[in-house]
Structures are given as structure tokens and as C-alpha cells.
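Reading the structure
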Amino acid sequence: MASNSSSFLGHRGFGIRPSKSSLPPAWRSHGICQCVAAPSEQTAYNTKVSRNANMAKLQAGYLFPEIARRRSAHMLKYPDAQVISLGIGDTTEPIPEVITSAMAMRAHSLSTVEGYSGYGAEQGDKNLRAAIASTLYGDLGIEETDIFVSDGAKCDISRLQLLFGSNVKMAVQDPSYPVYVDSSVIMGQTGLFQKDIEKYGNIEYMRCTPENGFFPDLSTVPKTDIIFVCSPNNPTGSAASRDQLTQLVQFAKDNGSIIVYDSAYATYISDDSPRSIFEIPGAKEVVIETSSFSKYAGFTGVRLGWTVIPKELLFSDGFSVAEDFNRIVCTCFNGASNIAQAGGLACLSSEGLKAMKDVVRFYKENTEIIVDTFTSLGFNVYGGKNAPYVWVHFPGRSSWDVFAEILEKTHLVTTPGSGFGPAGEGFIRVSAFGHRGNVIEACKRLKQLYK
């Protein structure tokens, strides 16, 4: 789940000098100049439309564009450096051919009278919804009609915030994926940012640390309306156990809360941790689960995900949550791309599932290399086993200072832990998404820096 504005943090830009001219190459080679009129000085014109006050609450820039900005500045400073990104969680390996072939066939069919289709169902292709329900949720009681296919989990998180409105209080793991908090701020659910504690008012930050196994102590968490939980967690890489999720479901029932459960990394789970919270009895009465093909099949650019809202989930007045979400989807969304959905169906075929497992295995091997590197250097290292992220502790140090040190001295991009919440201070997140050669080279540089 990543911002488009920071997509160039991926491998495509490794070692490439910034262009010195924006003119087309053919024009430069023939000495052709483009004449551009100098802008005349004008007095700024302001409309009479007030700015959304909630936007003004947001602190600085969204995390990943800020990292992109610093990376760009570093490349200008060191134009010959081979910058390697282990920062943003963008996949790097090619999408398996069994999947792209299905998308290519669907795209080609659109050029025929028989194969052309326009708008599809806002909830998604019927066959894909059925395949998600049967293949990924098996005997958990999730039905085709409970599935809403989308253009990605990140987009669905924002639609869910629209569903909940501004008069709710949310709880979020600390640290966690920044979209949960930022979308809450934009929706107007929060108070102002409190700089002394690095938190927004009216949000309950559920502290997750090595001491509590990166799962909140629910006995200390007050009642809230909405509880955002990501497992395996981004950024800590920790997966919640069956016992922990059982406690969470009971906690939500005791308080009348709704859990939004982000399972975007479930396919990376290697142990017996639940891959879906719907494995927990009673979860269908209190849980919305959102997920994505982004990190399963390399669909970060293709854009395809889904959200599960069981019919058993009801608001306080007994009205169906799914029915309201369906109205939001029909109002704000025209359905996922039919080409992307053809790819999704191919992902869930027997060949597609095997191909996705092979890609996930590759990234997990990258993770092992990174974990071994930091462990050999004496760092306390977390995550990695059930997620493509490694969470490394630098006690007593600022996350942004560590980020800057690694970038300056090794030309490696990581992610400062404090960008995920105040409990992330003193940590950095290292992503295993990368070409094998780049991961090996990055680890070599880290060993030279911290040996």
C-alpha cells in the first residue's frame, strides 16, 4: 500500500542521473530551443472558498513523498551515486506471465465487438468475488456478496472513513501505516496535532513495542468506535497470534466497536498465525477486513484489492454496514478496471497461486538476508518472519537522524520509524522489496558502515 507520488523510490531510478534538460532528446541534438514567455508579475487572486480546516491539521507532508524529496535532494548532491531503495514498500519483481497473459487477453478482447465491455458492477466482477470468497476465505462463511472488489486497500481505507463519518473516535496501532491516521484527520475525526507528544487529539494510540510483542495491551485501551489493526503489521512486521486476535474480537464486542483489519501482507505468514481475522469465532459481527493483490502479485501499479463486509455486521440502529458501504461505492467509484480484474482471476487460478507463492518466497529470501545482516552487526531486529519488513532498533537515536546517516554514508534509502507514529521513534523500517543484487549490495554497505 504506497503513494503514487513516491513511486520513483523503486528500483527504476537506481544509479540514474537526473536529466539536465526537459527538452525532447531530438530537439536537443538538433540545437532546437523552445521559447517560453516569462510569466508576468501578477497580484495573487484568492477565491472566497475557505480551505478545509482539517487539511491544515496535517503535519508536514505524507511520509513517503517526504522520503522521495530527500532522496531526490541526495541524488542532486551525489549525481554519480548508485542509490538503492529499501524504503517504500513497492514491489520490484515482474508480475508472473500467467497473470499478465490473462490481462493481455482481456485487453485485446476489448478491441472486438464480442469482447468489449464498458462499466462493470461497482462491487466487482461476480466471478472474481466468488473466487476471492472460495479461494482465500474457504470455509470461513464469507460469501461472494460480502466481497467488494476495489482499486486497492489504501483507497478502500479512505472510503471506509467516508462511511464512518466525522463523529467517531478511532484507535490505531502505534506505530502503523500512516494512512489510517491521516485519513482520520482529513475526515475531521481528530483534534489538533499535539507537538509535545507527537499525537493528534481524539485518536487513541495503542502502543506496540518489543515489550508487548508489538500487540497492544487491550486492558489499557479505552473504548473507541473504530479500531484499525494491521497484521502482519506495517511497519513492525509482527503478525498477531490467534489468542491475540481472539482477545481483540472480544474487546470489540464488549465495547460495541468495529475493527478494520488490514491483511495486505497475509500471504507472507510462515507460522500458524491467522491469515484472516475471520478465522476467529464471532469476528463477522464486529470486523471489516481489507486486503490487496499489491504485495501478493506485484499489483502496486495495476491496482486491485478487496474489502470484506459480512452481512452480520450492523450499526447501532441495526442497519447493515455493507449496505451503506455499497451506497458509498456506487456513488464514489465505478468499479475496478476490467483488465485488472482479469488479472485477479488469474492470480487465484492454481497456476497463479503457485506463481504468487514463488514471488513471495523470493522477497522472503531477501528478508532473511537483511535480518542476518543487522543481527550480525549486533542490532535488535524484529519482523521479517511473517512480513517483507524488518524493524531495526537504534536505541536513543532519532529515526530521521539514522535515516539521514544511512542515506549520506551508504546511499541507501530506508524509512524512519517515527513516520509511523511516536512509538516508532528509534527504529527504522527496511523493506525486502528489491532486486537480489541490490539487496546484497545494500547489506554489504551496511556492514561497512556499522562493522
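Every value quoted in this text rests on a predicted model; they were computed, and no experiment measured them. (Residues numbered from 1 in each chain as written. Predicted model: local features only at pLDDT ≥ 70, side-chain atom pairs only at ≥ 80, totals over all residues. Heavy atoms only, no water.)

Next up on the list: the overall build of the protein chain. Scanning the protein chain from terminus to terminus reveals 14 helices and 15 strands. For 451 residues, the compact-globule formula gives about 22 Å, and the C-alpha radius of gyration of the protein chain, at 23 Å, lands near that figure. Counting the 451 residues in the protein chain, one finds 51% classified as buried. In the protein chain, the proportion of contacts linking residues at least 24 apart, taken out of those at least 6 apart, comes to 75%. Here the protein chain contributes 42 positive and 45 negative side-chain charges, whose respective centroids are spaced 7 Å apart. (Helix = DSSP H or I, 4+ residues; strand = E, 2+ residues; numbered from the N terminus. Rg over C-alpha atoms; globule rule 2.2 N^0.38 Å. Buried < 20%, exposed > 50% of the residue type's maximum accessible area, 1.4 Å probe, protein only. Contact = heavy atoms within 4.5 Å. Lys, Arg positive; Asp, Glu negative; His and termini not counted. Charge placed at Lys NZ, Arg CZ, Asp CG, Glu CD.)

Moving on, we come to the UniProt feature "domain: Aminotransferase class I/classII large" (unreviewed entry) in the protein chain. In the numbering used here, UniProt assigns the feature "domain: Aminotransferase class I/classII large" (unreviewed entry) to residues 82-446. A helix fraction of 37% and a strand fraction of 16% characterise residues 82-446, whose end C-alpha atoms lie 14 Å from each other. (UniProt positions renumbered as here; feature names shortened; annotations may be inferred.)

Another aspect to go through is the sheet that holds strand 12 (residues 389-393). Taken together, the 4 strands give an open sheet; going across it, the order is 11-12-15-14, and neighbouring strands pair in antiparallel fashion. The outermost strands of the open sheet, each flanked by one partner alone, are strand 11 (381-383) and strand 14 (415-416). Pairing of strand 14 with strand 15 (residues 427-431) involves 2 bridges; the strand directions are antiparallel. Its bridge partner being in strand 15, Pro-416 is matched across the sheet by Ile-428. (Pairing = 2+ DSSP bridges.)

So, on to the pattern of salt bridges. The full count for this structure, using the stated rule, is 18 salt bridges. Among the ionic pairs, Asp-358 bridges to Lys-354, the shortest N-O distance being 3.4 Å. Placement of both Asp-358 and Lys-354 in helix 12 (residues 350-376) is noted, with a separation of 4 residues, approximately one turn of the helix. The partly exposed category is assigned to Asp-358, whose relative accessible area is 33%. We classify Lys-354 as exposed; its relative accessible area is 55%. Salt-bridge contacts for Lys-409 lead to Glu-405; the nearest nitrogen and oxygen are separated by 4.0 Å. Taken together, the residues span about one helical turn, with Lys-409 and Glu-405 both in helix 13 (residues 399-410) at a distance of 4 residues. Since its relative accessible area comes to 17%, Glu-405 is described here as buried. Through salt bridges with shared partners, one network takes in Glu-66, Arg-69 and Arg-70. (Salt bridge = Lys/Arg side-chain N within 4 Å of Asp/Glu carboxyl O.)

A few words now on helix 5 (residues 126-136). An α-helical turn contains 3.6 residues, so a residue and the one three or four places further along point in the same direction. Those residues of helix 5 that fall on the buried side of the exposure criterion are Leu-128, Arg-129, Ala-131, Ile-132 and Ala-133. Structurally, helix 5 contributes buried residues whose contacts are with strand 2 (147-150), strand 10 (305-308) and helix 11 (338-347). Of the residues that open helix 5, the one with a side-chain oxygen 3.0 Å from the backbone nitrogen of Asn-127 is Asp-125. Gly-138 sits one or two residues past helix 5 and shows a positive phi near 45 degrees. (Polar contact = N/O pair within 3.5 Å; in protein donor to acceptor, adjacent residues only side chain to side chain.)

This brings us to the nonpolar core. Within the largest apolar cluster, 92 residues are counted, with the highest numbers of intra-cluster contacts made by Ile-147, Phe-164, Leu-248, Ile-259, Ile-277 and Ile-309. In this structure Phe-164 touches Gln-189, Ile-226, Ile-258, Val-260 and Ile-288, once residues within four positions along its chain are discounted. In this structure, Phe-379, Val-402, Val-430 and Tyr-450 belong to the second largest nonpolar core, which totals 19 residues. (Core = buried A, V, L, I, M, F, W, Y, C linked by side-chain atoms within 4.5 Å.)

Moving on to helix 12. Here helix 12 contains 27 residues, and its C-alpha end-to-end distance of 39 Å stays within 8% of the 39 Å for a straight helix at 1.5 Å per residue. Count one or two residues on from helix 12 and you reach Gly-378, which has phi positive near 90 degrees. (Expected span 1.5 Å × (residues − 1).)

Strands belonging to one sheet form pairs held by backbone hydrogen bonds; the direction of such a pair is parallel or antiparallel. If you trace the 7 strands from one edge of the open sheet to the other, you get 2-10-9-8-7-3-6, paired in mixed fashion. Strands at the two margins of the open sheet, each flanked by one partner only, are strand 2 and strand 6 (203-207). Along the sheet, successive strands turn relative to each other by an average axial angle of 20 degrees, direction set aside. Bridge count for strand 3 (residues 170-174) against strand 6 is 5 bridges, and the pairing is parallel. Bridging from a neighbouring strand, Gln-173 pairs with Met-206 of strand 6. Its contacts with the sheet place helix 6 (residues 153-164) against strand 2, strand 3, strand 7 (226-230), strand 8 (258-262), strand 9 (287-292) and strand 10, and it is angled at close to 155 degrees to strand 9. Against the sheet, helix 8 (residues 242-255) contacts strand 7 and strand 8, and its axis sits at roughly 150 degrees relative to strand 8. (Axes fitted to C-alpha atoms, helices over the stretch in contact; angles between N-to-C directions.)

So, on to the packing of helix 6 against helix 7 (residues 178-187). It is the contact of helix 6 with helix 7, at a shortest axis distance of 10 Å, that shows an interaxial angle of 35 degrees. As helix 6 runs across helix 7, the sense of the crossing is right-handed. From helix 6, Lys-154, Ile-157, Ser-158, Gln-161 and Leu-162 reach across to helix 7, where they touch Val-179, Tyr-180, Ser-183, Ser-184 and Met-187. For the contact of helix 6 with helix 7, the class distribution of residues is 5 nonpolar, 4 polar and 1 charged. (Left-handed = near helix turned anticlockwise from the far one by under 90°. Nonpolar A, V, L, I, M, F, W, Y, C, P; charged D, E, K, R; others polar.)

What follows deals with the packing of helix 5 against helix 11. Relative to each other, helix 5 and helix 11 sit at 35 degrees, their axes nearing to 10 Å. In terms of crossing hand, the pair formed by helix 5 and helix 11 is left-handed. The segment helix 5 lies against helix 11, with Asn-127, Leu-128 and Ala-131 engaging Gln-341, Gly-344 and Leu-345. Here the contact of helix 5 with helix 11 is composed, by residue class, of 3 nonpolar, 3 polar and no charged.

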